[in-house]
Amino acid sequence: MYRRFYQSQATVDEENPYWVSFSDLMSALLVIFILAVVALIIELTQTQKIIERDIEELRNAQNARRMILHEIKDELASQNIRVEIADNDTVLRIPESTLTFDSGHDEIPENEVVQKAVTAIGIALHQAINKAFSDTNRQMRFKYLDTVFIEGHTDSVPSKRIKGNWGLSTYRAISLWEFWEKHLDLVPNFNDMVNAYDQKLFSVSGYAASRRVQTVEETMDQRRCNRRIDLRFTVKRPSISELEDIADR
């Protein structure tokens, strides 16, 4: 009986040799599957680290901008110079009460109080952006910025000068920039400063009355609110190509 059973078993194996090959194949597929899962986990972990790094950089950039704006405002307040923080901690506003241009003119007035205020604003700005982010992160704050826009704004009363209010607002912003360039002996110079992409940090623009603080201008005070210089700080963000690379991953 025993012998017949043994022979029968041997016959089945000899007649079905593919059972051994199928077993080996399944083992190989299992190994491949495990390796693929491990590779996927590694890839996802790397992608997650990239995303977390970019989020941390953006968070640092926003914090750097906030620190810059509030330090400038506090420093100027200690000198009785009024500026405002606006647009969700993105703009340092210089109101007309601090920088008063003569009607229809774009030159920085010779008034000693105005020139002292303009000088103090430039120095406070330079000091705030040229500090390290923190004691543990020695990256300079301005490297977290993309651009500092010096923006001129007017009220809606038409100007008789060439280019009207558009030209007036633009040249007022240019006059502030040129005053800082001429009168402030700072290192590094504003004009020499570049962002993380090696582009000029400062830019100048004019908006006429297209971006009003007071939409309705029925009184002198309402018009006065719209005549101002804004320093708008934009932060460094991941580029489109970097975001597309993350999406591809």
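Residues numbered from 1 in each chain as written. Predicted model: local features only at pLDDT ≥ 70, side-chain atom pairs only at ≥ 80, totals over all residues. Heavy atoms only, no water.

A. Structural detail: the overall build of the chain. Per the secondary structure count, the chain includes six helices and five strands. Reading the chain from its N terminus to its C terminus gives the helix and strand order α-α-β-β-α-β-α-β-α-β-α. Among the 249 residues that make up the chain, the fraction classed as buried is 37%. At a minimum sequence separation of 6, the contacts of the chain that also span at least 24 residues come to 69%. A total accessible area of about 15,500 Å² is found for the chain, and carbon and sulfur atoms account for 55% of it. (Helix = DSSP H or I, 4+ residues; strand = E, 2+ residues; numbered from the N terminus. Buried < 20%, exposed > 50% of the residue type's maximum accessible area, 1.4 Å probe, protein only. Contact = heavy atoms within 4.5 Å. Areas by Shrake-Rupley, 256 points an atom, 1.4 Å probe, with all protein chains shown as cover.)

B. Up close: the sheet that holds strand S2 (residues 91-95). Taken in spatial order, the five strands of this open sheet run S1-S2-S5-S3-S4, and their pairing is mixed. Edge positions in the sheet fall to strand S1 (84-86) and strand S4 (202-206), since each has one partner strand and no second. Strand-to-strand, the axes of this sheet are offset by a mean angle of 25°, without reference to chain direction. The pairing of S2 with strand S5 (residues 228-235) spans five bridges and is classified as antiparallel. Directly across from Val91, in S5, lies its bridge partner Arg232. (Pairing = 2+ DSSP bridges. Axes fitted to C-alpha atoms, helices over the stretch in contact; angles between N-to-C directions.)

C. Broad picture of the packing of helix H3 (residues 112-129) against helix H4 (residues 164-183). Axis separation between H3 and H4 bottoms out at 10 Å; the angle between their running directions is 75°. Here H3 is positioned roughly perpendicular relative to H4, judged by the angle of their axes. Between H3 and H4, the contacting residues are Gln115, Val118, Thr119, Ile121, Gly122 and Leu125 on the first element and Leu176, Phe179 and Trp180 on the second. Considering only residue class, the contact of H3 with H4 consists of six nonpolar, three polar and no charged. (Parallel < 35°, antiparallel > 145°, perpendicular 65-115°, else oblique. Nonpolar A, V, L, I, M, F, W, Y, C, P; charged D, E, K, R; others polar.)

D. Structural detail: the confidence of the model for the chain. With 86% of its residues at a pLDDT of at least 70, the chain reaches an overall mean of 87. Helix H1 (residues 2-15) is the least confidently modelled element of the chain, averaging 51 in pLDDT, while S2 averages 98, the highest of any element. (pLDDT = per-residue confidence, 0-100.)

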